[in-house]
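Chain residues, written in single-letter form:
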Amino acid sequence: MTSPAPTLPLPGDPPGGRRAVRVWGIGVAVYFVAIIFRTSLGVAGLDAADRFEVNASALSTFSILQLLVYAGMQIPVGLMVDRLGTKKVLALGAVLFTLGQLGFALSPSYGMALASRALLGCGDAMTFISVLRLGARWFPARRGPLIGQIAALFGMAGNLVSTLVIARALHGMGWTTTFVGSSLAGVVVLVLLLLFLKDHPEGHEPPPAEHAGAAFVRKQISAAWREPGTRLGMWVHFTTQFPGMVFLLLWGMPFLVEAQGLSRGTAGSLLTLVVLSNMVVGLVYGQIIARHHAARAPLALGTVALTALLWAGTIFYPGDHAPMWLLVTLCAGLGFCGPASMIGFDFGRPANPPERQGTASGIVNMGGFIASMTTLFAIGVLLDATGDDYRVAFSSVFVLELLGVVQILRLHRRATHREREHHVISRVEAVHVPV
């Protein structure tokens, strides 16, 4: 039996409305461009290997370093958002990821290209947490799950641009022109956010931040981590996101072309299917969770089971190549990973007060990127060690899925019990708030 999400407004709940959509839309546009830059390597992996003359392990290092920086920045970024506000952090992020994309375009060597991807990952790390915080400041709390899924949907639209536009531009205009041209999008969104973005609506200013010292940092991190909902959210994000991320970010194109014998055009179409499926499922998941909070864990675990089944069926299919219908089903199923990972934030958000949600979201967001980074590295090493045996290399996915499921089951009861306690307190405060 499912229970509806709380509908009572919290004290100080922002009203939403058209202005909220416009301001939040600018933040989403920044995230949209960051995703284009993040995933552009996914369609350029084979080109990058030729351009820099590197093997599978070295190629995977591009994405591993990018995600290492991204994951390592999540808690600092959460603290920055809580302390400095959304606009300053988003602006800094836009500057860094634009410089990273431009540097990647012009890099004459593998080392400089690595440094550029690290810079891009640093800027990218500042976007999503900021957009989540922006949504929480401009929309009522009950809209949180849907707003989060819609933001992720626009991020996947950025992925769609990579698979459709960047891939075609690479073959039509070449490496330098494609990546330099794409970096101009970062300049456009930076100007927009500097001119029009505001951290919060009038009358909904957050309480003054504490002095930003070591004690404050420790207090924020410790308080967020002590909440079972934060840890559960991190493990949900860890377990659900990484199969789709690994496939889109780097290894999907080589797997479909080299292991499955498809043309680049057909492989690109299948990667596009992952993105389209993600966008559709995101809207469905957002609506379900907004109405039935108890559906969060079943949706997350169901997505893990679906992903594992399709992944196993594809890589262990008897014969040299899996049939097209199975590859199509796999790619459609991988589209569930992104929306399911957003469920992690729906566990972390109600577990923490507004002044700590940036930090908590940073902890949650680390999960999937740590898993993705680990799997990207494992696949690259195993491919080199086994002579490009994708069956062995892709089997590393199951290890992390098993670990994540164990942690989710361990934490779920404690987190939901604690959340019910928070909900009762919020209802009492809402009833007694002065009019």
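Residues numbered from 1 in each chain as written. Predicted model: local features only at pLDDT ≥ 70, side-chain atom pairs only at ≥ 80, totals over all residues. Heavy atoms only, no water.

## Description of the overall build of the protein chain
Part 1: For the protein chain, the helix and strand inventory stands at 16 helices and 0 strands.
Part 2: For the protein chain, the spread of C-alpha atoms along the three principal axes comes to 65 × 45 × 40 Å.
Part 3: Here the protein chain holds 435 residues, and the buried ones make up 57% of them.
Part 4: Excluding contacts between residues fewer than 6 apart, the proportion of contacts in the protein chain whose partners are at least 24 apart in sequence is 85%. (Helix = DSSP H or I, 4+ residues; strand = E, 2+ residues; numbered from the N terminus. Buried < 20%, exposed > 50% of the residue type's maximum accessible area, 1.4 Å probe, protein only. Contact = heavy atoms within 4.5 Å.)

## Here we look at empty space enclosed by the protein
Part 1: Throughout the structure, instances matching the rule amount to 2 cavities of 30 Å³ or more.
Part 2: What the largest cavity holds in volume is close to 310 Å³.
Part 3: Looking at the largest cavity, it is lined by 25 residues, and the ones nearest its centre are R38, M156, Q241, M245 and G338.
Part 4: Residue assignment for the lining of the largest cavity shows that the elements contributing at least two residues are α1 (18-52), α6 (144-173), α9 (228-259), α13 (337-348) and α14 (357-386). (1 Å grid on protein atoms, 1.4 Å probe; cavity = no way out; pocket = protein on both sides within 12 Å on 5 of 7 lines; lining within 4 Å. Points joined across faces, edges and corners; volume = space filled by probe spheres on them.)

## Points about the pattern of salt bridges
When charged atoms on two side chains of opposite charge get close, those side chains can pair.
Part 1: This structure, assessed with the given rule, holds 6 salt bridges.
Part 2: Put simply, E227 and R356 hold a salt bridge, and the shortest N to O gap is 3.9 Å. Note that E227 is positioned in the loop between α8 (214-226) and α9 and R356 in the loop between α13 and α14, a separation of 129 residues in sequence. Of the two residues, E227 and R356, both sit in the buried class.
Part 3: For R418, the salt bridge goes to E227, with nearest N and O atoms at 3.1 Å. With R418 in helix α16 (residues 396-432) and E227 in the loop between α8 and α9, the pair connects residues that are 191 residues apart, well separated along the chain.
Part 4: Three or more residues joined by partner-sharing salt bridges are found here, namely E227, R356 and R418. (Salt bridge = Lys/Arg side-chain N within 4 Å of Asp/Glu carboxyl O.)

## Re the packing of aromatic side chains
Part 1: Throughout the structure, instances matching the rule amount to 23 aromatic pairs.
Part 2: A ring pair is formed by F52 and W175, whose centres lie 5.8 Å apart and whose planes are at 85 degrees; its orientation type is edge-to-face. Taken together, the positions of F52 in helix α1 and W175 in helix α7 (residues 175-196) put the pair 123 residues apart, joining distant regions of the chain.
Part 3: Overall, F52 belongs to the buried group, its relative accessible area being 10%.
Part 4: The class of W175 is buried, set by a relative accessible area of 9%.
Part 5: Judged by centre distance (5.4 Å) and plane angle (65 degrees), the rings of F128 and F345 are edge-to-face. Here F128, found in helix α5 (residues 128-138), pairs with F345, found in helix α13; they are 217 residues apart in sequence, far enough to count as distant. As far as the burial class goes, F128 and F345 line up, both buried.
Part 6: The rings of F52, F62, F104, Y110, W175 and F179 are connected pair by pair, giving a single aromatic cluster. (Phe/Tyr/Trp six-rings, centres within 6.5 Å; stacked < 30°, edge-to-face > 60°.)

## Some points on unusual backbone geometry
Part 1: A positive phi angle, close to 55 degrees, is found at E53, a residue other than glycine.
Part 2: Judged by relative accessible area, E53 falls into the exposed class, the value being 73%.
Part 3: Of note in the backbone geometry, D388 takes a positive phi value of approximately 65 degrees without being a glycine.
Part 4: Tracing the sequence through the fold places D388 in the loop between α14 and α15 (390-394).
Part 5: With a relative accessible area of 44%, D388 lands in the partly exposed category.

## Description of the confidence of the model for the protein chain
Part 1: With 91% of its residues at a pLDDT of 70 or more, the protein chain shows a mean pLDDT of 85.
Part 2: Here α16 stands out as the element of the protein chain with the lowest mean pLDDT, 78, in contrast to helix α12 (residues 324-334), whose mean of 97 is the highest.
Part 3: Ignoring residues within four places in sequence, the model shows residues 1-11, a span with pLDDT below 50, making 23 contacts including any to other chains.
Part 4: Across residues 427-435 the pLDDT falls below 50, and counting only partners more than four positions away or on other chains, this stretch makes 5 contacts in the model. (pLDDT = per-residue confidence, 0-100.)

## Comments concerning the nonpolar core
Part 1: Of all hydrophobic cores here, the largest spans 132 residues; its most connected members are F62, L193, F247, W251, F255, L256 and F394.
Part 2: When residues in this core are grouped by element, the largest group, 19 residues, is from α1. (Core = buried A, V, L, I, M, F, W, Y, C linked by side-chain atoms within 4.5 Å.)

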